Amino acid sequence: SVFRATGEEAYENPVPIVDGVIIPDQFGKLLSEGKFNKVPFMTGTNSSEGLLFGIGATEPVTPENYPKIVEQLWPDHKDSVLAKYPLASYASAVDAYSEIVGDAYYLCDARATAVSLSAAGVPVFVYLNTMPLSLFGGAGISVATHGVDRAFFFGTPFVEQRGSPTEKEFAKLCQQYLFQFAKTG
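As a starting point, this report considers the structure included with it. (Residues numbered from 1 in each chain as written. Predicted model: local features only at pLDDT ≥ 70, side-chain atom pairs only at ≥ 80, totals over all residues. Heavy atoms only, no water.)

## Brief notes about the overall build of the protein
Then, number 1: Per the secondary structure count, the protein includes nine helices and two strands.
Then, number 2: When the elements of the protein are put in sequence order from the N terminus, they spell out α-α-β-α-α-α-α-β-α-α-α.
Then, number 3: In the protein, which comprises 185 residues, the share counted as buried stands at 34%.
Then, number 4: Working note: accessible area of the protein is about 11,000 Å², and carbon and sulfur atoms make up 57% of it. (Helix = DSSP H or I, 4+ residues; strand = E, 2+ residues; numbered from the N terminus. Buried < 20%, exposed > 50% of the residue type's maximum accessible area, 1.4 Å probe, protein only. Areas by Shrake-Rupley, 256 points an atom, 1.4 Å probe, with all protein chains shown as cover.)

Have a look at this one:
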């Protein structure tokens, strides 16, 4: 992953605003000091988190400009990132870039949070959603992209009204699981 390739956070984490009352301090500090409620925690990602970002990149990702795009994102770690995500291992440059984005901005963060909380004694549950959403099927996307898990866990009009029987059943199971998790941990 990019996290391992660079040896540091792959991006600047957006964080809540510390107000001293509701959010008394930065998450990392509270975690290291054990100053938080140790309740069960669930996190997860979709199998192809970065695909929509790869397809919709400002500059089309091609084999020719793939190294340049990686260098723009991680100038100090270009070589290690390219070694971890060699273009030859992917069907296309978009696929390679998409995996980097998915790992850097979603998978690494979810994993780091899960590891930190688990080390602090918090029961942690991690999921990997591989169920695609047929909404994207018309666009030729048949993988679980960014945000798809939310449609199943929280329900959406698309899934409820136009989802396939499999999607509706999967959503029902996800929602039952989430409800049970909220109830009992």
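The discussion continues.
## Focus: the environment of Leu 178
Then, number 1: Looking at the secondary structure, you find Leu 178 in helix α9 (residues 165-184).
Then, number 2: Since its relative accessible area comes to 22%, Leu 178 is described here as partly exposed.
Then, number 3: The contact partners of Leu 178, leaving out residues within four places of it in the chain, are Met 42, Phe 153 and Phe 154. (Contact = heavy atoms within 4.5 Å.)

## Considerations on the pairing of strand β1 (residues 41-46)
Then, number 1: Buried residues dominate β1, accounting for five of its six residues.
Then, number 2: Note that β1 and strand β2 (residues 124-129) share six bridges and pair parallel. Residue pairing in the sheet places Phe 41 in a bridge with Val 124 of β2. (Pairing = 2+ DSSP bridges.)

## Here's the deal with the nonpolar core
Then, number 1: In terms of nonpolar packing, the biggest core is built from 15 residues, with Tyr 66, Val 70 and Ile 100 touching the most fellow members.
Then, number 2: Listing elements by their share of this core, those giving two or more residues are α4 (66-73), α5 (78-84) and α6 (93-119).
Then, number 3: A total of six residues in this core trace back to one element, the largest contributor, which is α6.
Then, number 4: Residues Val 148, Phe 152, Phe 153 and Phe 181 belong to the second largest nonpolar core, which totals eleven residues. (Core = buried A, V, L, I, M, F, W, Y, C linked by side-chain atoms within 4.5 Å.)

## Considerations on the environment of Ala 96
Then, number 1: Tracing the sequence through the fold places Ala 96 in helix α6.
Then, number 2: Note: C-alpha distance between Ala 96 and Pro 63 (33 residues apart in sequence) is 9.7 Å.
Then, number 3: When neighbours within four sequence positions are excluded, Ala 96 is seen to be in contact with Tyr 66, Leu 87 and Tyr 90.

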